[in-house]
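In case you want the letters, here they are:
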Amino acid sequence: MINANIATLAAAENESLEISTKNLNCVDCHNPFIFTIGEQQFYRNQGFSHEPKRCPNCRTSKRLRNSNKPMVATEITCVECGIRTTVPFLPRNANEVYCATCFKARGYQRVVANRV
Ligand SMILES: [Zn+2]
Ligand SMILES: [Zn+2]
């Protein structure tokens, strides 16, 4: 019984010692990078079971690229005025999509309606 407890304790200690810097390869620039202990702990705390695929440089530039352009651009026809335009989201119901102008106008109408 005591031996079993010691074994469990040793296993738990090994697990915490398991965290060490890892050498990974970036999928974007193919350069090796280090997955630091701090980052591994961060990943663990976030509940991520995967390892980062990109080096810090590529991760940063990817984030910048993503923030510079809209995630999606869907071409739609406004049901109100009928113009062809794009919206920066994926409409749930393509039959009920408004252009930015009509959307704003509708929102305004709703606000006014709520006030009355
Ligand atoms: Zn990279
Ligand atoms: Zn419109």
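The rules behind the values
Residues numbered from 1 in each chain as written. Chains lettered and ligands numbered in written order. Predicted model: local features only at pLDDT ≥ 70, side-chain atom pairs only at ≥ 80, totals over all residues. Helix = DSSP H or I, 4+ residues; strand = E, 2+ residues; numbered from the N terminus. Buried ≥ 20, exposed ≤ 12 C-beta atoms within 10 Å, placed from the backbone. Contact = placed C-beta atoms within 7 Å.

S.K.: Just to check I follow, could you spell out the overall build of the protein for this structure?
M.R.: Helix and strand counts for the protein come out as four helices and four strands. Across the 116 residues of the protein, 3% fall into the buried class. Across the protein, contacts joining residues at least 24 apart in sequence account for 18% of those joining residues at least 6 apart.

S.K.: Can you help me understand unusual backbone geometry in this one?
M.R.: Backbone phi values are negative for most residues with the exception of glycine, while trans is the configuration of most peptide bonds. Backbone geometry at His 30 places phi at a positive 60°, although glycine is not the residue there. Along the chain, the position of His 30 falls in the loop between β1 (22-25) and β2 (32-35).

S.K.: Looking at this model, I keep getting lost on helix α2 (residues 37-45). Mind explaining?
M.R.: One turn of an α-helix holds 3.6 residues; hence residues three or four places apart share an orientation. Within α2, only zero of the nine residues are buried, which leaves it mostly out in the open. In the segment just after α2, Gly 47 is the residue with positive phi, at about 80°.

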